[in-house]
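Spelled out, the chains give:
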Amino acid sequence: MCLELASRISRIPVYPVASGYDLGADVAMLASNESYFEPLPEVVAAAQAAIGRSNRYPDPAYAPLRRALADRYELPLDRVALGNGSCDILLAAGEALLEPGAEVVYAWPAFSVYPHLAAASGAREIQVPLNSEDRHNLQALADEVTVATRLVLVCNPNNPTSTAVGLDEVEQLLERVPRHVCVILDEAYVEFSLRIGDPFASLELLRRHPNLVLLRTFSKVYGLAAMRIGYALCGSPGFRTAVDQVRQPFYLGAATQAAAVEALRHQDQVERRVAQTIAGRLALEETLRGLGLRVAESDANFIWVHLPLPEDGPDAEADVLSGLAQRGVLVRSGSSLGHAGALRVTVGTEGENQRFVSALADVLGGLLEPGT
Ligand SMILES: Cc1ncc(COP(=O)(O)O)c(C=O)c1O
């Protein structure tokens, strides 16, 4: 017997999770843009101490964590939203802002969760193609804003293509979007961006644009993907109130809150890890370009590689992916992320990066034209 489900369930796309997930296996896990650094011992200890008090519900105001973020970014407390991962805030934003008749505008390919928002709410989505450098075309995005638009999503740096646009371009977009339309700047990878240069830079935009929301996460740069913590820095308190209204009261566990507060205290270590990741990324990009591959200019902790396949298509691409998997390297296929004929690979340890390069060279064999 089949259950009768809400009609939107058939519209909501299934999130493309990484295949071959096995934390114990000897594989290079380069498919999910995680940090290859484990959490700091102080962060683990803070989470463990909180688990010891788990008989009580977590702080429903999330006060220490919101205060720590408000202090760090010099914002009033009521403009800091939290979520069970930044995905949680995105989905809540969809629920709070969208409905049939409304429109959401975003570039494509971008983060795989964005299509969920329109599908779940019944709103219309407008996907704007990236430019030939795999980068957002923000003017084209602004052209799509209509009286029906409620939400504009800009993924910067963009997942899956790794590219970033400068904040001057973002500001030009903001100047073209009416003040009642929410713009979410998804900055999950902002700390890795040399083009943006400074994770505090976009805070300046918040002062001038009350409809702007900066969406961030502890999953990447803080290495806490499994703890599920995201946050949003809001141009005005209305966004935070709305996303809190559509969610359950206790969306963030006590251990998670404690881990995040502690993680924020170790910015020197965070910066050291970022520098190491960027060095690995630059080396990886150079090596792949040396093999003759077209690689997007990355501002994230992952890179986007165009495959020199005879015909760009999911079949040839799938063969490359399975060839890599057979060699113990997990990456993400372009077709699962909205663009066939490419792959997305997370920057790993030096050993993992080398393993990926030699596996890819092996799989692509005669298709490579080194030095071009
Ligand atoms: C662009 C972007 N935004 C948001 C997220 C969600 O991150 P989380 O829910 O782990 O905070 C991700 C995760 O990969 C991402 O790539």
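Residues numbered from 1 in each chain as written. Predicted model: local features only at pLDDT ≥ 70, side-chain atom pairs only at ≥ 80, totals over all residues. Heavy atoms only, no water.

Novice: I'd like to hear about the sheet that holds strand E13 (residues 342–346), residue by residue, with values.
Specialist: Across the sheet, four strands lie side by side as E9-E10-E13-E12; this open sheet has antiparallel pairing. Edge positions in the sheet fall to strand E9 (294–295) and strand E12 (332–333), since each of these pairs with one other strand and no more. Pairing analysis gives five bridges linking strand E10 (residues 302–306) to E13, with the strands arranged antiparallel. Residue Trp304 lies in a different strand from E13, and its bridge partner there is Arg344. Together, E9 and E10 form the strand contacts of helix H11 (residues 267–290), whose direction differs from that of E10 by roughly 10°. (Pairing = 2+ DSSP bridges. Helix = DSSP H or I, 4+ residues; strand = E, 2+ residues; numbered from the N terminus. Contact = heavy atoms within 4.5 Å. Axes fitted to C-alpha atoms, helices over the stretch in contact; angles between N-to-C directions.)

Novice: Summarise the site of the ligand; cite the residues concerned and give the values.
Specialist: By nearness alone, 13 residues border the ligand, and Ser86, Asn159, Tyr189, Thr217 and Ser219 come closest of all. Measuring from a nitrogen atom of the ligand, one finds a side-chain N or O atom of Asp186 at 2.7 Å. Lys220 places a polar side-chain atom, nitrogen or oxygen, 2.9 Å from an oxygen atom of the ligand. Contact with the protein chains hides 94% of the accessible area of the ligand, taken as 400 Å² for the molecule alone. Residues of the shell around the ligand, tallied by class, amount to five nonpolar, five polar and three charged. (Near = heavy atom within 4 Å. Polar contact = N/O pair within 3.5 Å; in protein donor to acceptor, adjacent residues only side chain to side chain. Areas by Shrake-Rupley, 256 points an atom, 1.4 Å probe, with all protein chains shown as cover. Nonpolar A, V, L, I, M, F, W, Y, C, P; charged D, E, K, R; others polar.)

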